[in-house]
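Read off the chains here:
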Amino acid sequence: MNKSGKRLLNLKNYPNSFWTRAKTVILRKNNKSAVYYYVAGMTPHGTPNLYGYVWRGYLKPGYNPNYKVWNGLDINYFLSDKDYQRYINQSPSQNLSRKVLHLFPNARLSLKLSKLTAYGSTLTDFRKQFLDVLIVKDANYAFYNPHGKVTSANQKLTAIKTAFDTHGYNQQKRSALNGYQIGIYYESNRQTGGVLSYDDGYYAGVTVAKPLN
């Protein structure tokens, strides 16, 4: 609705959408007060011009959990390791992520480690929170296909796997990484920003490490 109380949209008409809060207001009607959010909406099909005030009780934090219809979601809005794992399991954009995770069958997915990976953190940044940090730059760089030779998810996976093998982490050693966590951030296609980074400032790659605690 708008600030005068006129209904603009019905949330039921926008299934699987998520809504981003821009501000919080208190609206009063008939001597009653309620907290409303001014939100902008996004549908899986990119429907534009979805905005208005909505009672906060109609909303929950996080993304709509039907990740089968979503691609390229911002990593900052996932709520937990399990939430991010569901996205990787279901989203069409996460085909490569699923394949790379299979290379490390005993490492547990970590949202925290995935965010550090996506932010392009330095080794010093990682070591503040993790031990024995394994970052293979060749594997991360392979995703970007700098010379046009690596195109499909399977070809990218082969390049990433070869990079780990070359650095001494073959499948036997990868499978023995018990007690380790894995951070991962990949999308289905290379973005058109800088050589290594996304337009939105994120980096593709994978990091394996032991938590401090």
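One can find the structure itself at the top, above this paragraph.
On a predicted model such as this, the values are computed, not experimentally measured, just so you know.

Points about the nonpolar core
Phe78, Tyr84, Phe164 and Ile184 are the most contacted members of the largest nonpolar core, which totals 37 residues. Elements supplying a minimum of two residues to this core: α1 (81-90), α2 (95-101), α3 (111-118), α6 (153-166), β6 (181-185) and β7 (205-211). With four residues, the single largest contributor to this core is α6. Beyond its immediate sequence surroundings of up to four residues, Tyr84 is in contact with Ile75, Phe78, Leu109, Leu111, Ser114, Ile184 and Tyr185. Counting six residues, the second largest nonpolar core, distinct from the first, contains Leu113, Leu116, Phe130 and Ala209.

Here's the deal with the layout of surface pockets
Empty space within the second largest pocket amounts to approximately 570 Å³. In terms of lining residues, the second largest pocket is bounded by 20 residues, among which Trp19, Leu59, Lys60, Pro61 and Gly62 are the most central. Counting residues per element, the lining of the second largest pocket draws most heavily on strand β1 (residues 18-29), which supplies four residues. Grouping the constituent residues of the lining of the second largest pocket by class yields 12 nonpolar, five polar and three charged.

Notes on the sheet that holds strand β3 (residues 51-55)
In spatial order, the strands read β1-β2-β3; together these three strands make up an open sheet with antiparallel pairing. Edge positions in the open sheet fall to β1 and β3, since each of these has one partner strand only. Strand-to-strand twist across the sheet, computed as the mean angle between neighbouring axes with direction ignored, equals 30 degrees. One ladder, built from 11 bridges, connects β1 with strand β2 (residues 32-42); its direction is antiparallel.

Overview of the pattern of salt bridges
Enumeration over the complete set of coordinates arrives at four salt bridges. The closest approach of N and O atoms between Lys161 and Asp165, which form a salt bridge, is 3.2 Å. Placement of the pair is Lys161 and Asp165 together in helix α6, with a separation of four residues, close to one helical turn. Since its relative accessible area comes to 32%, Lys161 is described here as partly exposed. Connected through salt bridges with shared partners, the residues Lys161, Asp165 and Arg174 form a single ionic network.

Calculation rules
Residues numbered from 1 in each chain as written. Predicted model: local features only at pLDDT ≥ 70, side-chain atom pairs only at ≥ 80, totals over all residues. Heavy atoms only, no water. Core = buried A, V, L, I, M, F, W, Y, C linked by side-chain atoms within 4.5 Å. Buried < 20%, exposed > 50% of the residue type's maximum accessible area, 1.4 Å probe, protein only. Helix = DSSP H or I, 4+ residues; strand = E, 2+ residues; numbered from the N terminus. Contact = heavy atoms within 4.5 Å. 1 Å grid on protein atoms, 1.4 Å probe; cavity = no way out; pocket = protein on both sides within 12 Å on 5 of 7 lines; lining within 4 Å. Points joined across faces, edges and corners; volume = space filled by probe spheres on them. Nonpolar A, V, L, I, M, F, W, Y, C, P; charged D, E, K, R; others polar. Pairing = 2+ DSSP bridges. Axes fitted to C-alpha atoms, helices over the stretch in contact; angles between N-to-C directions. Salt bridge = Lys/Arg side-chain N within 4 Å of Asp/Glu carboxyl O.

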